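Notes for the structure review
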Amino acid sequence: MTASKGFAPAKINLTLHVTGRREDGYHELDTLVVFADIGDRLSLRPSDTTMLTVNGPMAAGVPADASNLVVKAARLMGLSVDIHLEKHLPNAAGLGGGSSDAAATLKALSEMSGKPIPDGLLGLGADIPVCLHGSAARMRGVGETITPVAGLPELHAVLVNPKLPVMTKEVFAGLECAHNPAMPDTLPDFADASALIEWLGEMRNDLEAPAIKAEPVVQQVFDTLSVTPGCHLARMSGSGGTCFGLYSDAETAAAAAGRLHEQNPGWWVEAVRLNA
């Protein structure tokens, strides 16, 4: 095997409808997922034993042991590698960082070794299948049903995280109703980004209320994003606590990001393109 590199983009849930709860306790979802042009980076090379090192601006609190999904992904492939993970995405942030890291690891190891990526990856994480897909998709069930969404307009956004982890289990535990309407059976054809943003305004993230209850600063992030000039829609991604604001163009998004960073220097703020 030769050395390889991987990119693990941030996963953004433009919508997240909780549509049911199964007998095993897992929740059924209907969510429109896109990916940002920022993310974590990985370097992998063959080794006698699997080892993981982690650095980067968001490395604090990220385990470098067998509990990390990157190590679990390598072991699932049955390969021994030395992995270096450069963390740029905040941890427990609703951006699918760990799952995206694992998916990037699986792809890199498959390319390095010629071995196919195995089936049955939901045990590794519900977001693994959509992160392996890596582009705009509708995700249903507990993450096993992935439907590609072609022709989705590119969006300009600002991602904001208050650097406080929001635990997914705690958010789902606080969900008052687990049986909510799904998205329409057929998604519209969006003429442009404005049409997509208008439609998104009619959709939901059903985990926003329990996330705010679990970590009230998420409401502050919402309120602060919403009043930035040019923000058409503010919403939370995943189970939180990252929120995103959508803007008409890259310049407006960059200006909003600069303003937010200046006003809240302790927050993680990034202007990004979605579905680029």
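For the structure itself, consult the block above.
All values reported here derive from a predicted model rather than from experimental measurement.

**A look at the overall build of the protein**
- What the protein contains, in helices and strands, is eight helices and eleven strands.
- The C-alpha atoms of the protein give a radius of gyration of 18 Å, which matches the 19 Å a tight globule of 276 residues would have.
- Here the C-alpha coordinates of the protein stretch approximately 55 × 45 × 35 Å along the principal axes.
- Split into buried and exposed, the 276 residues of the protein put 52% on the buried side.
- Taking contacts inside the protein between residues at least 6 apart in sequence as the whole, the part at least 24 apart equals 74%.
- With the model as given, the accessible surface of the protein reaches about 12,200 Å², and the carbon-plus-sulfur share is 51%.
- If the 20 positive side-chain charges of the protein are averaged to one point and the 31 negative ones to another, these points end up 6 Å apart.

**Focus: helix 8 (residues 250–263)**
- If you check helix 8, its first and last C-alpha atoms are 20 Å apart, about what 14 residues at 1.5 Å a residue would give, namely 20 Å.
- Buried within helix 8 are the following residues: Ala253, Ala256, Ala257 and Leu260. For helix 8, the angular spread of the buried residues around the axis is 100°, confining them to a single face. Away from the buried face of helix 8 by more than 90 degrees, exposed residues Glu251, Ala255 and Glu262 are located.
- Those residues of helix 8 that are buried lie in contact with strand 8 (155–161), helix 7 (217–226), strand 10 (243–247) and strand 11 (268–274).
- Between a side-chain oxygen at the N-terminus of helix 8 and the backbone nitrogen of Glu251 the separation is 3.2 Å; the capping residue is Asp249.

**Describing the environment of Pro216**
- Here Pro216 is to be found in the loop between helix 6 (208–214) and helix 7.
- Its relative accessible area of 54% is what places Pro216 among the exposed residues.
- Separated by 25 residues in the primary sequence, Pro216 and Gly241 place their C-alpha atoms 9.7 Å from one another.

**What about the nonpolar core?**
- Within the largest apolar cluster, 35 residues are counted, with the highest numbers of intra-cluster contacts made by Val18, Val158, Val160, Leu207 and Leu225.
- With near-sequence residues (within four places) excluded, Leu207 lies in contact with Leu16, Val18, Val171, Phe172, Leu175, Met236, Gly238 and Ser239.
- If you look at the next biggest cluster of nonpolar residues, it comprises 31 residues, including Leu159, Phe190, Leu200 and Trp268.

**Quick word on the side chain of Lys11**
- Mapped onto the elements, Lys11 comes out in strand 1 (residues 4–13).
- Other than its neighbours up to four places away in sequence, Lys11 contacts Val33, Val34, Phe35, Gly94, Leu95, Gly96, Asp127, Val130, Cys131 and Ser237.

**A word on the side chain of Thr15**
- Relative to the assigned elements, Thr15 resides in the loop between strand 1 and strand 2 (17–21).
- A relative accessible area of 0% means that Thr15 is categorised as buried.
- Look past the residues within four positions of Thr15 in its chain and what remains in contact with it is Asp30, Thr31, Leu32, Met183, Trp199, Leu200, Met203, Arg204 and Arg235.

**Points about the pattern of salt bridges**
- In total, this model carries nine salt bridges according to the counting rule given.
- As a salt-bridge pair, Lys87 and Asp101 come within 3.4 Å of each other at their nearest N and O atoms. Of this pair, Lys87 sits in the loop between strand 5 (81–86) and helix 2 (97–113) while Asp101 sits in helix 2, and the two are 14 residues apart along the sequence.
- Judged by its relative accessible area of 3%, Lys87 is buried.
- A salt bridge links Asp206 to Arg204, with the nearest nitrogen and oxygen atoms 2.7 Å apart.
- For Arg204, a relative accessible area of 27% translates into the label partly exposed.

**Examining the packing of helix 1 (residues 69–77) against helix 2**
- Between helix 1 and helix 2, the shortest axis-to-axis distance is 8 Å and the interhelical angle comes to 30°. Taken as axis vectors, helix 1 and helix 2 run roughly parallel relative to one another. You can see that helix 1 and helix 2 cross each other, and the crossing is right-handed. In this structure, helix 1 contributes Leu69, Val70, Ala73, Ala74 and Met77 to the contact, and helix 2 contributes Gly98, Ser99, Asp101, Ala102, Thr105, Leu106, Leu109, Ser110 and Ser113.
- Taken together, the residues that form the contact of helix 1 with helix 2 break down as eight nonpolar, five polar and one charged.

**Topic: helix 2**
- The end-to-end C-alpha separation of helix 2 is 24 Å, in line with the 24 Å expected for 17 residues at 1.5 Å each.
- Counted residue by residue, helix 2 has 13 buried out of 17 residues, so it is predominantly covered.
- Positive phi appears at Gly114, one or two residues downstream of helix 2, with a value of about 80°.

Thresholds applied
Residues numbered from 1 in each chain as written. Predicted model: local features only at pLDDT ≥ 70, side-chain atom pairs only at ≥ 80, totals over all residues. Heavy atoms only, no water. Helix = DSSP H or I, 4+ residues; strand = E, 2+ residues; numbered from the N terminus. Rg over C-alpha atoms; globule rule 2.2 N^0.38 Å. Buried < 20%, exposed > 50% of the residue type's maximum accessible area, 1.4 Å probe, protein only. Contact = heavy atoms within 4.5 Å. Areas by Shrake-Rupley, 256 points an atom, 1.4 Å probe, with all protein chains shown as cover. Lys, Arg positive; Asp, Glu negative; His and termini not counted. Charge placed at Lys NZ, Arg CZ, Asp CG, Glu CD. Expected span 1.5 Å × (residues − 1). Arc of directions from axis to C-beta. Polar contact = N/O pair within 3.5 Å; in protein donor to acceptor, adjacent residues only side chain to side chain. Core = buried A, V, L, I, M, F, W, Y, C linked by side-chain atoms within 4.5 Å. Salt bridge = Lys/Arg side-chain N within 4 Å of Asp/Glu carboxyl O. Axes fitted to C-alpha atoms, helices over the stretch in contact; angles between N-to-C directions. Parallel < 35°, antiparallel > 145°, perpendicular 65-115°, else oblique. Left-handed = near helix turned anticlockwise from the far one by under 90°. Nonpolar A, V, L, I, M, F, W, Y, C, P; charged D, E, K, R; others polar.

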